Each structure stands twice: as structure tokens, then as C-alpha cells.
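Observations on the three-dimensional arrangement
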Amino acid sequence: MAKNKYYVTTPIYYPSGKPHLGSAYTTIAADILARWHKLLGDDVFFLTGTDEHTKKVVKEAEKSGKNIDTYLTDITKIFKEVFGELNIGYDRFIRTSDKDHKKFVQHILEVVNKKGDIYKGSYEGYYCHECEAYYTEREAPGLVCSVHEKNLEVLKEESYFFKLSEYQDKLLDLYKKNPDFISPVYRKNEIVNRVKEGLKDLSISRTDIDWGVRLPFDKAHTCYVWFDALTNYLTGVGVLEDKKLFKKFWRANVHIVGKDILWFHSVIWPAMLMSAGIELPEKVYAHGWLTLKDKKIGKSAGNATDINELIKRFGVDPIRYFLFKVTPFGEDGEYSEETLIDRNNELANKLGNLVSRVSSLAEKNGIEKTNNLLLKKLKLKQIGKLIDNFEFDKALNDIFAFIDVCNEYVQDKKPWETKVQEDSEESPDSSKLLEEKISQNKKVLYELVDSIKAIAILLSPFIPGTSEKISQSLGFKLDYKEIEKPIIVRKIKKGENLFNRV
Ligand code: MSP
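To start, this report covers the structure provided alongside it. (Residues numbered from 1 in each chain as written. Predicted model: local features only at pLDDT ≥ 70, side-chain atom pairs only at ≥ 80, totals over all residues. Heavy atoms only, no water.)

Before going further, it helps to examine the overall build of the protein chain. A tally of helices and strands in the protein chain yields 17 helices and 16 strands. Each principal axis of the C-alpha distribution contributes one length, and for the protein chain these read about 100 × 50 × 40 Å. Relative to its 502 residues, the protein chain shows a buried fraction of 55%. Accessible surface, the protein chain as shown: approximately 23100 Å² in total, 48% of it carbon and sulfur. Positive and negative charge centroids in the protein chain, built from 78 and 76 side chains respectively, lie 3 Å apart. (Helix = DSSP H or I, 4+ residues; strand = E, 2+ residues; numbered from the N terminus. Buried < 20%, exposed > 50% of the residue type's maximum accessible area, 1.4 Å probe, protein only. Areas by Shrake-Rupley, 256 points an atom, 1.4 Å probe, with all protein chains shown as cover. Lys, Arg positive; Asp, Glu negative; His and termini not counted. Charge placed at Lys NZ, Arg CZ, Asp CG, Glu CD.)

Following this line, the structure appears as C-alpha cells:
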């Protein structure tokens, strides 16, 4: 049977500092989806990377005393290391300074220009250097950027424009025919209303920055960072260089983005693709922000949320679990150390405890095959639907409800007790009864081991390192199809401790 394909992307990050918990958040979310689809047996492509043609990079390189290339080589290495430590299994880490990408940006500019969607003009507007974007007075009340809380600057420059205004009806039609194109739906209305108010053409070139891709039809201009960056989703799957890969994976199944960049992905990006005659992605999903004292966590959040520090204290999986257990994915969530500690201890007390008790009893007493009736209490289909619907917190709640069921089962059945009849005298049947009790215990342990298999498989997109350890100690493959296949009876070896209580 032909496999399904799944293509998921993260935004590409400005490498003006090392990755912080906020950038890790988007990337882990995409990793969860990629791992979930691999588990289902799909062919998956997961793209992440860095957005390098920005003034911020030029400034940071200057500050560090390195030339831009060295600065970028060093910082992207750090990105890859941190993503590696967080167990993020991307297929390509794209950099907008990659050769194939620059070539493609020029190509798409040519195509859109030939289509007649680019013209030369001059632009005057209110610009946020941090967002690299112009805003209207309505979008930025008081002429202060609502994301960075900095004053906007008036800029005037000669520029090429993309005729975004011509795509208003087509975009409204897209949203109407594909009600989930912008998800979650509660974020859609704002975008639709803004598009209904009318679209201004988009300035897509700059003359005040050398660092970037030159317009193929006017070398005095460099391409605006967003027009350049968005096309990474095509380069990433080989649009120019690997036709087979591109045909297989494009269109993207989902672009995961933060709510702050939804406009670029749900308005500008589809309009660019329509102009270039390229198929549109299936969906853009905007998540909320991870906040600290109600402010978006960013570069300046400091040590409290430093990824390496947190990994040292908690390990990777408690962080991954905490980020998606507490807050619904679409909404903002406040970071707090107490909540992280609570979630860490929840993992230890519920999952860690179950696995440790059951595997040590199973190691000592062995298991005996039986029908696992416990598994009926696992809401398997519902959990799958919730993950497909980006409701990670609810999926985790359902998995943990089943862990509770298993812990209660251990308590109830006490599969370590071998006393048969407390006050009866030696009877000819007592050794038979004992045998039966031992066999019952082994069957209870079989049900529990088989249930832990299901739990570890379902948790593997969220806490892959832990699931891997469990699968090695109990002897099963991390594959969705294994959930309903009874586990094979074998000798079990208790594994190492999974979590440390903090
Ligand atoms: N370079 C652009 C994206 C171009 S994509 C074609 C950009 N980069 S960014 O580094 O500023 O942000 C990248 C992503 O990280 C965004 O989706 C943003 O929402 C996300 N996050 C950055 N801080 C965040 C939090 N504190 N919380 C959640 N996500 C956050 O925009």
C-alpha cells in the first residue's frame, strides 16, 4: 500500500542570538507532529532552519567582531546543537544563505515579475526594524510596535512592489473554500476581516542593505527578507534541485507558526504562490506565545528560561512534556518554574512509578500471556484525533488518565501477593491454588506491561527519549501498529530510573 506523506515546517529563525525557549516551542511542536506521523508509518519531511538576510544579523556579526559568514556558521551550529539536545529530528536545516535557496528566490522573483505582479515605486511608511515590517497607524496604535514595544521609524525608499492588492478576492475565496486553511479557527476571523478591508501592495525590495538576495531584474535592490524567507518552504523540499522530492512532499501539510507571523503566512505567502502558479499549502496553524510575566519570551528573557540550564536541571523530556501539557497549543501560556517542577514530578509519580513498579515485578516474577482487557480503557482513536487536531494538552490528559487506570490496577490486584488462604490448614489443593495465584499475578503483569507498551508508543512523539528507554527495557517497537498487537512474552529487565523528582 502506498504510504501517506506528511510535510511539516517551522518558521525559520532569525539567528541574531541563540535559540530560546520560545523558538524551541515552535520547533518541538513541529517535531511532535513529525514523530506522530512517522509513528503512523507516513513518509515524513520536517523542515526547520534560519532566516539570515536581516539587518539584525549584520549588526550582531559586527558586535561579535566576526565576519558575517563566520558569525552565521557559528550561530547555526549552536541552533543545531540545541535542537539536537532537545531531541528534534528534522530532515533538513535550511539556511537562507544556502546556494539552492538564493537561486530559487531569484527564480520566483523572475516568475512573479513576468506574470506582471511586480512594479517599481517608492515607499514611505512606519517601519519596525525588529519585525522587518511596515505597519499602518491602525496596526500599531501610537506608532509603537505591539510586538517589540518600540517606536516605529518613518522610512522612505525606492522599492519594487508585489501587487498583493490584486489577490484580495482570491484570498477571500481561498478562506471560504478551505475553512481550516487558517487554524485555529478563532484566529481566522481577524485575518479575514483585515483582508476584507483591502490589501496594500507589498514593498519587496530594499536599497539600504547589501546583505541579501539581489533582484534578478535590478541588481541595485536586495529582496525584502520576508519574500526571501517564505520561499524556504519550497527550497527545503528541493523545488529546483530535486524534482522527485518536491513532487512527493509539496504541498506542505502544515506550516506551524507563531500568532505574530500568521499574516505573512496566511495572506502574503498564498498570494505569492498564486502569482507564481504553485500549489498552496494545506494549512497554516498559529500557536500562542510562551510568556514570562505576560511578555513573549525572547532573547532577553535571561537565565530563568535558558534552554541549556533547564536541560541540566530537568532533562529534556520533562521540558517537552511541560510545554505541551499545560497550555492549549493555540493559546498563550505563562512559563513558571513551579509549573515545570509540578509537571516533572507528575511524570515521575505517574509514569515513572508505573514503569518502575511493573518492570521490577515482571523481572522478578515473569509475565504470562492473557487477553489485555485493560486496554479497552485507553481512548486510542480519540487521542489520535486530538493530536491531528493540534490539541496536544488534551491528548496528553487522555494518555495520563490511562496511566492512572494502570496505577490503580496495580494497587487493586497487588500482583506481588502470593498468600492463598490465610487461615486454612494445609489442604491437598493448596499448592495448586498457589500455582493459580502466581499465574494470575503473571497475567496481571502481562496486562500492565502490554498497557505500558501502548502508553510509551503514544507518548513517543512528546517524550521520545523516555519512550525509547521503556521500549528497550520491555522489548517492543515504537510503532503505532504495535499498540493493538499483544506484546510477546519474554524475559523482562528493569530499566534505569526514568525521571528525577525535583
Ligand atoms: N524569521 C521569521 C520567520 C520567517 S518564516 C518564513 C521570524 N523569526 S523569529 O525568530 O522572530 O520567530 C520565529 C518563530 O518563533 C515565530 O513563530 C515566533 O512566533 C516563535 N516564537 C518566538 N518567541 C516565542 C515565544 N515566546 N513563544 C512562542 N513562540 C515564539 O519571525
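The next thing to look at is the packing of helix α13 (residues 337-365) against helix α16 (residues 430-459). Axis separation between α13 and α16 bottoms out at 10 Å; the angle between their running directions is 140°. In terms of orientation, α13 and α16 fall into the oblique class. The hand of the α13/α16 crossing is left-handed. Taking contact as the criterion, the partners of Leu351, Leu354, Val355, Val358, Leu361, Ala362 and Asn365 in α13 are, on α16, Lys442, Leu445, Leu448, Val449, Ile452, Ile455 and Leu459. Among the residues making up the contact of α13 with α16, the classes are represented as 12 nonpolar, 1 polar and 1 charged. (Axes fitted to C-alpha atoms, helices over the stretch in contact; angles between N-to-C directions. Parallel < 35°, antiparallel > 145°, perpendicular 65-115°, else oblique. Left-handed = near helix turned anticlockwise from the far one by under 90°. Contact = heavy atoms within 4.5 Å. Nonpolar A, V, L, I, M, F, W, Y, C, P; charged D, E, K, R; others polar.)

Throughout the structure, instances matching the rule amount to 37 salt bridges. In this structure, lysine 63 engages glutamate 60 in a salt bridge whose closest nitrogen and oxygen atoms are separated by 3.1 Å. Of this pair, lysine 63 and glutamate 60 both sit in helix α2 (residues 55-64), separated by 3 residues, roughly a single helical turn. For lysine 63, a relative accessible area of 65% corresponds to the exposed category. As a salt-bridge pair, lysine 296 and aspartate 260 come within 3.2 Å of each other at their nearest N and O atoms. Placement of the pair is lysine 296 in strand β15 (residues 295-296) and aspartate 260 in the loop between β12 (254-258) and α10 (262-276), with a sequence separation of 36 residues. Take aspartate 260: its relative accessible area is 29%, and that puts it in the partly exposed class. The structure contains a network of salt bridges with shared partners spanning Lys3, Asp43 and Lys248. (Salt bridge = Lys/Arg side-chain N within 4 Å of Asp/Glu carboxyl O.)

Over its 15 residues, α10 extends 21 Å from the first C-alpha to the last, a length consistent with the 21 Å expected when each residue adds 1.5 Å. Among the 15 residues of α10, 14 are classified as buried, and the element is accordingly described as predominantly covered. Count one or two residues on from α10 and you reach glycine 277, which has phi positive near 70°. (Expected span 1.5 Å × (residues − 1).)

Residues in a regular strand point their side chains to alternate faces of the sheet. Where strand β9 (residues 205-206) lies against strand β11 (residues 218-223), 2 bridges are found, and the strand directions are antiparallel. By the bridge assignment for β11, serine 205 is matched with cysteine 223. With 2 bridges connecting them, strand β10 (residues 214-215) and β11 associate as antiparallel partners. Across the sheet, the residue bridging to arginine 214 is threonine 222, located in β11. (Pairing = 2+ DSSP bridges.)

Moving on, we get to the site of the ligand. Taken together, 25 residues surround the ligand, and among them Ile12, Asp51, Asp260, Leu290 and Ile297 come closest. Within the backbone of isoleucine 12, a nitrogen or oxygen atom sits 2.8 Å from a nitrogen atom of the ligand. A distance of 2.8 Å is found between an oxygen atom of the ligand and a backbone nitrogen or oxygen belonging to glycine 258. Summarising the interface, the protein chains cover 94% of the accessible area of the ligand, which totals 670 Å² for the free molecule. Elements represented by at least two residues in the shell around the ligand include exactly α1 (21-39), α7 (225-230), α8 (232-235) and β12. Residues belonging to the shell around the ligand are distributed by class as follows: 14 nonpolar, 8 polar and 3 charged. (Near = heavy atom within 4 Å. Polar contact = N/O pair within 3.5 Å; in protein donor to acceptor, adjacent residues only side chain to side chain.)

A word on the side chain of arginine 343. Within the element layout of this structure, arginine 343 appears in helix α13. Take arginine 343: its relative accessible area is 19%, and that puts it in the buried class. In this structure, arginine 343 is in contact with Tyr321, Phe322, Lys325 and Val326, ignoring residues within four places of it in sequence.

This part is about the state of the cysteines. Scanning the entire structure with this criterion turns up 0 disulfides. Cysteine 145 carries a free sulfur, and the closest cysteine sulfur to it, the one in cysteine 128, is 3.8 Å from it. (Disulfide = S-S within 2.5 Å.)

Moving on, we come to the packing of aromatic side chains. This model, assessed by the stated rule, comprises 31 aromatic pairs. With a centroid separation of 6.0 Å and 75° between ring planes, the pair formed by tyrosine 13 and phenylalanine 83 is classed as edge-to-face. Here tyrosine 13, found in the loop between β1 (5-9) and α1, pairs with phenylalanine 83, found in helix α3 (residues 68-85); they are 70 residues apart in sequence, far enough to count as distant. The exposure class of phenylalanine 83 is buried, given its relative accessible area of 0%. Through pairs of rings, three or more aromatic residues link up here, namely Tyr7, Phe45, Tyr233, Phe246, Phe249, Trp250 and Trp269. Note that arginine 194 overlies the ring of tryptophan 263, its terminal NZ or CZ placed 3.8 Å from the centroid. (Phe/Tyr/Trp six-rings, centres within 6.5 Å; stacked < 30°, edge-to-face > 60°. Lys NZ or Arg CZ within 6 Å of the ring centre and 35° of its normal.)

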